[in-house]
Amino acid sequence: MNIIDLDLEAKVALIGLLAHMIDADGKLAIEESVELLALGEEMKHSGLSEAVIRSRKSFANREALLKYASLIQDEDARALIRTVLVDMSNADGFRGRNERELIDDLIQAWARN
């Protein structure tokens, strides 16, 4: 599965997860910005950075975001989203505790469904 193949709900969840991932360490590193631009190109979404910013209003807290993301049932979509998040968390060369926790919380939310 490629990122362009995600359905709308999975793309919305991914964008929200990316926003929370970026916020997890309190900064947007240059490497993360480059990764975000590449994702936007893959998704054919030229305004991905702006969509990530807007998603902060839709998913103001982690619980709301995880509840929405838990609705994704497609295992291939889940695997792709997890891979994208791991790549984003490693983009700056260091995966912090808050970034790891977000990924772990997402995996646990999926396990409950």
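Figured I'd write up the structure that's included with this text. (Residues numbered from 1 in each chain as written. Predicted model: local features only at pLDDT ≥ 70, side-chain atom pairs only at ≥ 80, totals over all residues. Heavy atoms only, no water.)

**Description of helix α2 (residues 30-43)**
In an α-helix, one full turn covers 3.6 residues, which means residues spaced three or four apart are oriented alike.
Moving on, step 1. If you check α2, its first and last C-alpha atoms are 20 Å apart, about what 14 residues at 1.5 Å a residue would give, namely 20 Å.
Moving on, step 2. The set of residues buried in α2 consists of Glu32, Leu36, Leu39, Gly40 and Met43. Projected onto a plane normal to the axis of α2, the buried residues spread over an arc of 100° and lie on a single side. Away from its buried face by more than 90 degrees, α2 exposes Ile30, Val34, Leu37 and Glu41. (Helix = DSSP H or I, 4+ residues; strand = E, 2+ residues; numbered from the N terminus. Expected span 1.5 Å × (residues − 1). Buried < 20%, exposed > 50% of the residue type's maximum accessible area, 1.4 Å probe, protein only. Arc of directions from axis to C-beta.)

**As for the packing of aromatic side chains**
Moving on, step 1. Scanning all chains against the criterion turns up 1 aromatic pair.
Moving on, step 2. Consider the rings of Phe59 and Tyr68, whose centres lie 5.3 Å apart with planes at 50°: the pair is tilted. (Phe/Tyr/Trp six-rings, centres within 6.5 Å; stacked < 30°, edge-to-face > 60°.)

**Observations regarding the nonpolar core**
Moving on, step 1. Formed by 33 residues in total, the largest nonpolar core has its most connected members in Leu18 and Ile81.
Moving on, step 2. Of all the secondary structure elements, the ones that give two or more residues to this core are α1 (8-24), α2, α3 (48-58), α4 (62-69), α5 (75-90) and α6 (97-112).
Moving on, step 3. The leading source of residues in this core is α1, at 9 residues.
Moving on, step 4. Beyond its immediate sequence surroundings of up to four residues, Leu18 is in contact with Leu36, Leu39, Val52, Val84, Leu85 and Met88. (Core = buried A, V, L, I, M, F, W, Y, C linked by side-chain atoms within 4.5 Å. Contact = heavy atoms within 4.5 Å.)

**Description of the environment of Ile72**
Moving on, step 1. Within the secondary structure, Ile72 sits in the loop between α4 and α5.
Moving on, step 2. Ignoring sequence-local partners within four residues, the contact set of Ile72 consists of Ala10, Ala13, Ala77, Arg78, Ile81 and Trp110.

**Considering the packing of α1 against α3**
Moving on, step 1. In the contact formed by α1 and α3, the axes pass within 8 Å of each other and the chain directions differ by 80°. Considering their axes alone, α1 and α3 lie roughly perpendicular with respect to each other. Between α1 and α3, the contacting residues are Ile15, Gly16, Leu18, Ala19, Ile22 and Asp23 on the first element and Leu48, Ala51, Val52, Ser55 and Arg56 on the second.
Moving on, step 2. Among the residues forming the contact of α1 with α3, the class breakdown is 7 nonpolar, 2 polar and 2 charged. (Axes fitted to C-alpha atoms, helices over the stretch in contact; angles between N-to-C directions. Parallel < 35°, antiparallel > 145°, perpendicular 65-115°, else oblique. Nonpolar A, V, L, I, M, F, W, Y, C, P; charged D, E, K, R; others polar.)

**Focus: α4**
Moving on, step 1. If you check which residues of α4 are buried, you get Leu65, Leu66 and Ala69. Looking straight down α4, one finds that the buried residues subtend no more than 95° of arc, so they occupy a single side. Set apart from the buried face of α4 by more than 90 degrees, the exposed residues are Glu63 and Lys67.
Moving on, step 2. Elements that come into contact with the buried residues of α4 comprise α1 and α6.
Moving on, step 3. You can read the cap of α4 off the contacts: a side-chain oxygen lies 3.2 Å from the backbone nitrogen of Glu63, and it is on Asn61. (Polar contact = N/O pair within 3.5 Å; in protein donor to acceptor, adjacent residues only side chain to side chain.)

Shape is all these values report; function is a separate question.
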